[in-house]
Amino acid sequence: MAIYMRITVNGKRADMSTGRECDPVKLNSRAGRAIGTREEIKLLNNYLDSLQTKVRNAHPVLIDSNQLVTTESLQNQFLGKTEKSRCLIQLFQEHNAKVKALIGNGFEANTLKGYNTSVRHLTGFLSKEYDKSDMEISLLNHAFITGFEFYLKTVCKCSGVSAAKYIKHLKKIVNHCIANSWLKQNPFINYKSTAKAKERTYLTQQELDTIAGKRLTIERLAQVRDIFVFCCYTGLSYADVKKLKRNEIGIGVDGEQWIFTSRQKTDTSSRIPLLLVPIEILKRYEDYPQCENKGLLLPVLSNQKMNAYLKEIADLCGINKHLTFHLARHTFATTVTLSNGVPIETVSKMLGHTILKTTQHYAKILDVKVSEDMSRLKSKYATVN
């Protein structure tokens, strides 16, 4: 009868042949050894003892190398099969290759650009601090993460928010490793980011009215102004207004015109009732050739050109704020909606945010709204007294 050895870890078993045989009558199944004093019996038992010792020795080796102790890892260590080493940069590059393949199907080119920048920063950090081009993921620890954050802020001159973004990318790779049981312990367990969100700039109603009412004789500036103001009153981002099609305007539950679209960034549904200002802007471009041919609502230029022309518009309007296209989205959230008493849940839905916390960033900066609310409260108490 063939003799088998069984390895059990947390209730999971793995059986493997010892390569030896023994008469069942001469085998003590409880002890797992042959019975007798003959030389061949002694040799067999000595061999089985050596196998057991080898398995026991494999356990501390796995512990010392920060590997998970499983039936498979013990068996591989016993057989001399070293587990495939997994390295940080290699895993990151594999992740980025998958993202690249999914551009246009869940990911955008700018997302990949950010991940590639993370790899570049990590490669520089490993070279500077560890004199390595890559590192096994089992060696990642709290010191590595805090060291990388310090490197980003000092050597790379990243802001706190940017550094937090690259740390978040690293955490995604770590979570992938944990999910696949490649890491025994989470190196982020005691790490907490200290980054604070930047205060978001937005236009006041007076500034928005100034831009909307400015007479612009240069067609390209008038066109960019119209699209910018349209987004100030709809909350659409550059990517979303650029792809906005004519068939995405429909009649809402109130019988009025609504935008029915999905955010390109998150693929979440966004339904926005159209106010009078954006409706009037759309009418100006109903017969615009570029829009008619492509079925688009507005003739949106490249983001770079839009932002360049917005700087010219800001100068012409006497507005000192750094005008960018994304400022329109912030203006919609603050000046147009929240400041006028629109509930934050409604604003979040129109912006296409997946979590309310994202929208709450806008609510924190509305000192004017806080003042108005507290004035009403003061009036209430004054009446009572």
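In short, a report on the structure. Fair warning: this is a prediction, and the values are worked out from it, not measured in the lab. Going along each chain's sequence as written, the residues are numbered from 1 onward. Predicted model: local features are reported for residues with pLDDT of at least 70 only, side-chain atom pairs are reported and counted for 80 or more only, and whole-chain, interface and lining totals are derived from all residues. Just so you know, side-chain values use all the structure's heavy atoms and leave hydrogens and water out.

### Concerning unusual backbone geometry
For step 1, the next point in the chain: A positive phi angle is found at Asp 131, which is not glycine, with a value near 55°.
For step 2, the next point in the chain: Here Asp 131 is to be found in the loop between helix 4 (109–130) and helix 5 (142–154).
For step 3, the next point in the chain: The buried label applies to any residue whose accessible area, calculated with a 1.4 Å probe on protein chains only, is under 20% of its type's maximum; exposed applies above 50%, and partly exposed to all values in between. Judged by relative accessible area, Asp 131 falls into the exposed class, the value being 70%.
For step 4, the next point in the chain: In this structure, Lys 157 takes a positive phi of about 60° despite not being glycine.
For step 5, the next point in the chain: Strands here are runs of E lasting at least two residues and helices are runs of H or I lasting at least four, both read from the DSSP assignment and numbered beginning at the N terminus. For Lys 157, the position within the fold is in the loop between helix 5 and helix 6 (160–179).
For step 6, the next point in the chain: Residue class for Lys 157 comes out exposed when judged on its relative accessible area of 68%.

### Observations regarding helix 10 (residues 276–284)
For step 1, the next point in the chain: Inspection of helix 10 places Pro 278, Ile 279, Ile 281 and Leu 282 among the buried residues, and these make up the whole buried set. For helix 10, the buried positions fall inside an angular range of 160° around the axis, keeping them on one side. Seen from the open side of helix 10, the exposed residues pointing more than 90 degrees away from its buried face are Leu 276 and Lys 283.
For step 2, the next point in the chain: Contacts were defined at the residue level, with two residues in contact if any of their heavy atoms lie within 4.5 Å. Residues of helix 10 that are buried sit in contact with helix 8 (219–232), strand 5 (249–251) and strand 6 (257–262). Read the arc as the range of directions from the helix axis to the C-beta atoms.

### Here's the deal with the nonpolar core
If you look at soluble globular proteins, the nonpolar side chains tend to sit buried side by side.
For step 1, the next point in the chain: Residues enter a nonpolar core if they are buried and are Ala, Val, Leu, Ile, Met, Phe, Trp, Tyr or Cys, with the set joined through side-chain atoms within 4.5 Å. Counting 47 residues, the largest nonpolar core has Ile 211, Phe 228, Phe 230, Val 241, Leu 298 and Phe 325 as the members making the most contacts within it.
For step 2, the next point in the chain: Listed by contribution, the elements that provide at least two residues to this core are helix 7 (205–213), helix 8, helix 9 (238–242), helix 10, helix 12 (303–317), helix 13 (327–337) and helix 14 (344–351).
For step 3, the next point in the chain: The leading source of residues in this core is helix 8, at 9 residues.
For step 4, the next point in the chain: Excluding its chain neighbours within four sequence positions, the residues that come into contact with Phe 228 are Leu 203, Ile 211, Leu 310, Leu 323, Thr 324, Phe 325, Leu 327 and Ala 328.
For step 5, the next point in the chain: By size, the runner-up hydrophobic cluster in this structure holds 30 residues, among which are Ile 89, Phe 92, Tyr 115 and Cys 158.

### Some points on the sheet that holds strand 5
For step 1, the next point in the chain: Strand order in the open sheet formed by 3 strands is 5-6-7, and the pairing between neighbours is antiparallel. On the outer flanks of this sheet lie strand 5 and strand 7 (269–273), each paired with one strand and no other. On average, adjacent strands in this sheet sit at an angle of 35° to one another, irrespective of strand direction.
For step 2, the next point in the chain: For two strands to be treated as a pair, DSSP must find at least two bridges joining them. Alignment of strand 6 against strand 7, held across 5 bridges, turns out to be antiparallel. Considered in strand 7, the bridge of Thr 261 is made with Ser 270. An axis is simply a line fitted to the C-alpha atoms; with a helix, the fit covers only the stretch in contact. Between two such axes, the angle follows the N-to-C directions and lies from 0 to 180 degrees.

### Describing the pattern of salt bridges
For step 1, the next point in the chain: What makes a salt bridge here is a side-chain nitrogen of Lys or Arg within 4 Å of a carboxyl oxygen of Asp or Glu, nothing more. This structure, assessed with the given rule, holds 9 salt bridges.
For step 2, the next point in the chain: Close ionic contact of Glu 129 with Lys 128 constitutes a salt bridge, the shortest N to O distance being 3.1 Å.
For step 3, the next point in the chain: Under the relative-accessibility criterion, Glu 129 is labelled partly exposed at 44%.
For step 4, the next point in the chain: Of the charged contacts in the structure, one is a salt bridge between Glu 312 and Arg 220, with a shortest N-O distance of 3.2 Å. Of the two residues, Glu 312 sits in helix 12 while Arg 220 sits in helix 8, which places them 92 residues apart along the sequence.
For step 5, the next point in the chain: Connected through shared salt-bridge partners, Arg 225, Asp 226 and Arg 284 make up one network.

### Quick look at a nonpolar patch on the surface
For step 1, the next point in the chain: Here the term patch refers to residues with relative accessible area over 30% and no salt bridge, with like charges joined within 9 Å and nonpolar side chains (Val, Leu, Ile, Met, Phe, Trp, Tyr) within 5 Å. In these tables, accessible area is a Shrake-Rupley quantity obtained with a 1.4 Å probe, and a residue counts as shielded only by the protein chains included in the view. A surface patch of nonpolar side chains, amounting to about 300 Å² of accessible area, comprises Met 374, Leu 377 and Tyr 381.
For step 2, the next point in the chain: Within the fold, Met 374 resides in helix 16 (residues 367–384).
For step 3, the next point in the chain: The class for Met 374 is partly exposed, based on a relative accessible area of 42%.

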